[in-house]
Amino acid sequence: MTSSSSPSQDTKRLAHAYPEGLRADALMEEDVAWSHEIDGERDGDQFDRSERAALRRVVGLSTELEDVTEVEYRQLRLERVVLVGVWTTGTAQDADNSLAELAALAETAGALVLDGVIQRRDKPDAATYIGSGKAAELRDIVLETGADTVICDGELSPGQLIQLEDVVKVKVIDRTALILDIFAQHAKSREGKAQVALAQMQYMLPRLRGWGQSLSRQMGGGRGGLATRGPGETKIETDRRRIREKMAKMRREIADMKTGREVKRQERRRNKVPSVAIAGYTNAGKSSLLNRLTGAGVLVENALFATLDPTVRRAETPGGRLYTLADTVGFVRHLPHHLVEAFRSTMEEVGDSDLILHVVDGSHPNPEEQLAAVREVIRDVGATDVPEIVVINKADAADPLVLQRLLRVEKRSIAVSARTGQGIAELLARIDDELPRPAVEITALVPYTHGKLVARAHAEGEVLSEEHTAEGTLLKVRVHEELAADLAPYTPVSA
């Protein structure tokens, strides 16, 4: 077979087509010497060197919307979950309420709940939480609904987690992991993020799993030249050690932040400013109540754990006494111990307060259970000796029979509605009555040149009467010992 062009002919053609300085560059271009007879028989398209080395876009894969109006109708792809619970004690209604709360938690985390099942057992199965037979049935439900996650209404051991995943063939998480995920989404402050990170690492440490290289040995720790005398650490052991180091660092950071909050607390104590803490079940309306009492402007949302970071605001009783009002993190049944430990420094606001406003959702199907769950956490943080007022919120939406029952059972309770303002005036009066009062009652005639003492009496004490005379301001006040000593030189002789 003869060629249509010889090498010498190609060289002559290049000489005519290109100047002397560009002949070498032209020889590097593959398409210059292209021949239809030879190159036309190659299989597939032939690209230049630059095209072969470049990224090639595949047409038809982009999902970008050309019409901006379609954005409104596009739905976010949510994680599709199936809920499973084990009913060991209580009534069937209690078990249904528990799974309904788990569904609310899953929706708050951003999941789409497809189905929920409950099994009646004396105790959870040690291997797969619900037993091997029910786990196989759960697998059929997962396949039928197209779910990609199973959420268990309880805290699973690492072994239960692994074996249940082996059966259902999708991701399995428990109630603790779900709550930790919600906390991680909602934490905004530096301290809140650090506390959530610590709780997540405490939860993750015993649940680390290794595959392949994670279980292989690292270099030994011997002193020989080749350092092969010791067995060395596996990769998973190295990960656990690093997590422990991070946890120790996180605890030190949280302790430093605790110091700053303690300084503020001591300043309030020094000024004898009473403190009131709002505690209660998640989504009971604590932030709404804080906004109603102080106008704080805290985020209010119909979601579980919408606000995590504690908020302290200044408030004033109808009688003019100043006090601080602190909104704390919401509680929930079976609150993970990791969170109780991590948020202990934040929950100290409850233990150090002079009065607790225990907020409960009056429209909840089982408000008594909420009260018991919150009091368990209050007991864990050592705040059982602090006086408590039970504030039954959402009275406008609650069943009147439920309200009557709660008011009858809880002797120190009051029904309010943070949304409509119902009962707020009575609650403020109750706070004024319950706050600790200064111990010393004194009458003083303060000269007008010492107006700061009058201002301190109003800010730090309780003014019983005030009269402006020619000599000065005649005060009858109840104050603490330090301020009483400052007012003593101005006590009238007749007093």
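Scroll up to find the structure.
Residues numbered from 1 in each chain as written. Predicted model: local features only at pLDDT ≥ 70, side-chain atom pairs only at ≥ 80, totals over all residues. Heavy atoms only, no water.

Visitor: Give me the packing of aromatic side chains: which residues, what numbers.
Guide: Enumeration over the complete set of coordinates arrives at zero aromatic pairs. A cation over a ring is seen here: Arg120 above Trp87, with NZ or CZ 4.5 Å from the ring centre. (Phe/Tyr/Trp six-rings, centres within 6.5 Å; stacked < 30°, edge-to-face > 60°. Lys NZ or Arg CZ within 6 Å of the ring centre and 35° of its normal.)

Visitor: Can you lay out helix α15 (residues 400–409) for me, pointing to particular residues and giving the numbers?
Guide: For α15, the set of buried residues is Val402, Leu403 and Leu406. One side of α15 carries all its buried residues, which in axial view fall inside an arc of 100°. Among the exposed residues of α15, those oriented more than 90 degrees off its buried face are Pro400, Leu401 and Arg408. Along its buried surface, α15 packs onto α14 (367–380), β9 (388–393) and β10 (413–415). (Buried < 20%, exposed > 50% of the residue type's maximum accessible area, 1.4 Å probe, protein only. Helix = DSSP H or I, 4+ residues; strand = E, 2+ residues; numbered from the N terminus. Arc of directions from axis to C-beta. Contact = heavy atoms within 4.5 Å.)

Visitor: Lay out the sheet that holds strand β1 (residues 79–87) in plain terms, naming residues and giving numbers.
Guide: Across the sheet, four strands lie side by side as β2-β1-β3-β4; this open sheet has parallel pairing. Each edge of the sheet is formed by a strand with only one pairing partner; in this case those strands are β2 (111–120) and β4 (171–174). Neighbour-to-neighbour, the strand axes of the sheet open up by a mean angle of 25°, direction not taken into account. As defined by bridge partners, strand β3 (residues 149–152) adjoins β4 across four bridges and the pair is classed as parallel. The partner of Val150 across the bridge, within β4, is Val172. (Pairing = 2+ DSSP bridges. Axes fitted to C-alpha atoms, helices over the stretch in contact; angles between N-to-C directions.)

Visitor: So what's going on with the pattern of salt bridges? Which residues, and what values?
Guide: With the rule as written, the count across this model stands at 16 salt bridges. The partner of Arg207 in a salt bridge is Glu155, with the nearest N and O atoms 3.6 Å apart. Here Arg207 is found in the loop between α9 (190–204) and α10 (235–270), whereas its partner Glu155 is found in the loop between β3 and α7 (158–168), with 52 residues between them in sequence. For the salt bridge of Arg375 with Glu410, the shortest nitrogen-to-oxygen distance reads 2.9 Å. Here Arg375 is found in helix α14, whereas its partner Glu410 is found in the loop between α15 and β10, with 35 residues between them in sequence. By relative accessible area, Arg375 is classed as partly exposed at 26%. Look at Glu410 and you get buried, because its relative accessible area is 15%. What you see here is one network of salt bridges that share partners, running through Glu101, Asp153 and Arg175. (Salt bridge = Lys/Arg side-chain N within 4 Å of Asp/Glu carboxyl O.)

Visitor: Please set out the sheet that holds β9 residue by residue, giving values where relevant.
Guide: If you trace the six strands from one edge of the open sheet to the other, you get β6-β7-β5-β8-β9-β10, paired in mixed fashion. The sheet is open, and its two borders are formed by β6 (311–316) and β10, each paired with just one other strand. In this sheet, neighbouring strand axes are inclined to one another by 25° on average, regardless of whether the strands run parallel or antiparallel. When strand β5 (residues 275–280) meets strand β8 (residues 355–361), the two strands line up parallel, connected through five bridges. Bridging from a neighbouring strand, Ala277 pairs with Ile356 of β8. Running at roughly 160° to strand β7 (residues 322–327), helix α11 (residues 286–294) makes contact with β5, β6, β7, β8 and β9 of the sheet.

Visitor: Let's hear about the nonpolar core: which residues, and what values?
Guide: Note on soluble globular proteins: their nonpolar side chains tend to be buried together. By size, the foremost hydrophobic cluster in this structure holds 59 residues, and its most contacted members are Phe331, Leu357, Val391 and Leu427. Those residues in contact with Phe331 that sit more than four places away from it in its chain are Ala279, Gly280, Tyr281, Thr282, Met347, Val374, Val377 and Ile378. (Core = buried A, V, L, I, M, F, W, Y, C linked by side-chain atoms within 4.5 Å.)

Visitor: Just give me the short version of the pairing of β8, but keep the residues and values in it.
Guide: Taking burial as the measure, the seven residues of β8 include seven buried ones, the bulk of the element. The alternating pattern of β8 places Leu355, Leu357, Val359 and Asp361 on one face and Ile356, His358 and Val360 on the opposite face, and all of these are buried. Bridging between β8 and β9 involves six bridges; their strand directions are parallel. Opposite His358, over in β9, you have Val390 as the bridge partner.

Visitor: Talk me through the pairing of strand β13 (residues 473–479); I want residue IDs and the actual numbers.
Guide: Going residue by residue along β13, you find Thr473, Leu475, Val477 and Val479 tucked away on one face and Leu474, Lys476 and Arg478 left uncovered on the opposite face. Bridging between strand β11 (residues 440–446) and β13 involves seven bridges; their strand directions are antiparallel. Of the residues in β13, the one forming a bridge with Ile442 is Val477. Pairing of strand β12 (residues 462–468) with β13 involves six bridges; the strand directions are antiparallel. Bridge pairing in β13 links His468 to Thr473.

Visitor: Would you mind going over the packing of helix α6 (residues 132–145) against α7 in detail, with residue names and values included?
Guide: Geometrically, a packed helix pair is captured by the angle between its two axes and the distance between the axes. In contact at an axis separation of 8 Å, α6 and α7 are set at 50° when each is read in the N-to-C sense. It follows from the interaxial angle that α6 and α7 lie oblique. Note on packing geometry: the crossing formed by α6 with α7 is right-handed. Here Ala135, Ala136, Leu138 and Arg139 of α6 come into contact with α7, specifically with Leu164, Val167 and Val168. Here the residues of the contact of α6 with α7 sort into six nonpolar, no polar and one charged. (Parallel < 35°, antiparallel > 145°, perpendicular 65-115°, else oblique. Left-handed = near helix turned anticlockwise from the far one by under 90°. Nonpolar A, V, L, I, M, F, W, Y, C, P; charged D, E, K, R; others polar.)

Visitor: Describe in detail a positive patch on the surface, supporting the description with residues and values.
Guide: There is a patch of like positive charges on the surface, built from Arg242, Lys246, Lys249 and Arg252. Positionally, Lys249 belongs in helix α10. For Lys249, a relative accessible area of 48% translates into the label partly exposed. (Patch = residues over 30% accessible without salt bridge, like charges linked within 9 Å, V, L, I, M, F, W, Y side chains within 5 Å. Areas by Shrake-Rupley, 256 points an atom, 1.4 Å probe, with all protein chains shown as cover. Lys, Arg positive; Asp, Glu negative; His and termini not counted. Charge placed at Lys NZ, Arg CZ, Asp CG, Glu CD.)

Visitor: So what about the environment of Arg375? Which residues, and what values?
Guide: On a C-alpha basis, the gap between Arg375 and Tyr281 in space is 9.8 Å, while along the polypeptide they are 94 residues apart. Every residue in contact with Arg375, bar those within four places of it in the chain, is listed here: His358, Glu388, Val390 and Glu410.

Visitor: An account of helix α17 (residues 451–460) is needed here, citing residue identities and associated values.
Guide: The complete set of buried residues in α17 reads Leu453, Val454, Ala457 and Glu460. Buried residues of α17, seen end-on, are gathered within an arc of 155° and therefore sit on one face of the element. Against β11, β12, β13 and α18 (481–487) lie the buried residues of α17.

Visitor: Could you give an account of unusual backbone geometry, with specific residues and numbers?
Guide: At Tyr129, a residue that is not glycine, the phi angle is positive and equals roughly 75°. Along the chain, Tyr129 falls in the loop between β2 and α6. Even without being glycine, Lys169 reaches a positive phi, approximately 65°. Assignment of secondary structure puts Lys169 in the loop between α7 and β4. Owing to a relative accessible area of 57%, Lys169 belongs among the exposed residues under this scheme.

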